[in-house]
Amino acid sequence: MPDITNTAIKGFHAHVYYDASTKQNAQSLREQLEKNFVDIELGRWHDRPIGPHPRWSYQVAFSKELFGEIIPWLMLHQNGLVILVHPLTGNDLADHQDYAMWLGEKVPLNFDVLRK
């Protein structure tokens with residue numbers, strides 16, 4: 001892993017994974033996120049794998065200052081969903097491969113997409 005400092009982190013993404021059977025759980029989580037956090041950006045619904053993500057997902061973007069609030073909240077409210085959390089350092093491959101953390105099951109990502 002490269003030697004990097006915390007100042008390289010510009011923010012975070014949480015990718016909420018779901019499928020047809022858990023989409024309602026994902027919708028409920030999204031509504032709760034909107035209700036509880038005003039300084040986040042919610043991405044589009046992707047009802048198919050996209051980019052390195054092998055499952056359906058939507059993205060939650062937030063600042064590094066909110067990490068200590070959002071991550072514990074997600075831990076307690078993930079409702080059986082798998083969530084990938086990674087920093088934004090400007091190196092997409094390292095962010096997803098080396099610096100990522102998982103809430104729930106760790107899912108293999110498609111890193112080839114990020115190597116291009």
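Throughout what follows, the structure given in this document is the object of discussion. Everything quoted here is computed from the prediction, not taken from an experiment.

1. Brief notes about the overall build of the chain
Right, so step 1: Regarding its fold elements, the chain presents four helices and five strands.
Right, so step 2: The helix and strand sequence of the chain, counted from the amino end, reads β-α-β-β-α-β-α-β-α.
Right, so step 3: For 116 residues, the compact-globule estimate of 2.2 N^0.38 gives 13 Å, and the chain sits close to it at 14 Å.
Right, so step 4: Principal-axis analysis of the C-alpha atoms gives the chain an extent of 40 × 30 × 20 Å.
Right, so step 5: Sorting the 116 residues of the chain into buried and exposed places 41% on the buried side.

2. Remarks on the side chain of Asp 95
Right, so step 1: Structurally, Asp 95 is set in helix α3 (residues 92-97).
Right, so step 2: Within the buried core, Asp 95 has no salt-bridge partner, and the shortest N-O distance to an opposite charge, that of Lys 10, equals 11 Å.
Right, so step 3: Here the side chain of Asp 95 touches Thr 89 through a polar contact of 2.5 Å, side chain to side chain.

3. So, helix α2 (residues 67-77)
Right, so step 1: Along α2, the residues classified as buried are Ile 70, Ile 71, Trp 73 and Leu 74. All buried residues of α2 lie within an arc of 165° about the axis, which places them on one face of the element. Facing away from the buried side of α2, by more than 90 degrees, are the exposed residues Gly 68 and Leu 76.
Right, so step 2: At its buried positions, α2 is contacted by β1 (12-18), α1 (23-36), β2 (40-42), β3 (56-62), β4 (82-87) and β5 (101-103).
Right, so step 3: Backbone geometry just downstream of α2 places Asn 79 in the positive-phi region, at approximately 50°.

4. A look at the environment of Arg 44
Right, so step 1: Here Arg 44 shows up in the loop between β2 and β3.
Right, so step 2: Between the alpha carbons of Arg 44 and Val 60 there is a distance of 9.4 Å; along the sequence they are 16 residues apart.
Right, so step 3: Not counting chain neighbours up to four residues away, the residues in contact with Arg 44 comprise Ser 57, Tyr 58 and Gln 59.

5. Quick notes on the nonpolar core
Right, so step 1: In terms of nonpolar packing, the biggest core is built from 22 residues, with Leu 29, Leu 33, Phe 62 and Leu 74 touching the most fellow members.
Right, so step 2: Looking at this core, the elements with two or more residues in it are β1, α1, β3, α2 and β4.

6. Some words on the pairing of β1
Right, so step 1: In terms of burial, β1 is largely enclosed, as seven of its seven residues are buried.
Right, so step 2: What you see with β1 is no split at all: Phe 12, Ala 14, Val 16 and Tyr 18 on one side and His 13, His 15 and Tyr 17 on the other are buried throughout.
Right, so step 3: Sheet topology note: the β1/β3 ladder contains seven bridges and is antiparallel. In the strand pairing of β3, Ala 14 is matched with Val 60.
Right, so step 4: For β1 and β4, the ladder comprises six bridges, and the chain directions are antiparallel.

Parameters and conventions
- Residues numbered from 1 in each chain as written.
- Predicted model: local features only at pLDDT ≥ 70, side-chain atom pairs only at ≥ 80, totals over all residues.
- Heavy atoms only, no water.
- Helix = DSSP H or I, 4+ residues; strand = E, 2+ residues; numbered from the N terminus.
- Rg over C-alpha atoms; globule rule 2.2 N^0.38 Å.
- Buried < 20%, exposed > 50% of the residue type's maximum accessible area, 1.4 Å probe, protein only.
- Lys, Arg positive; Asp, Glu negative; His and termini not counted.
- Salt bridge = Lys/Arg side-chain N within 4 Å of Asp/Glu carboxyl O.
- Polar contact = N/O pair within 3.5 Å; in protein donor to acceptor, adjacent residues only side chain to side chain.
- Arc of directions from axis to C-beta.
- Contact = heavy atoms within 4.5 Å.
- Core = buried A, V, L, I, M, F, W, Y, C linked by side-chain atoms within 4.5 Å.
- Pairing = 2+ DSSP bridges.

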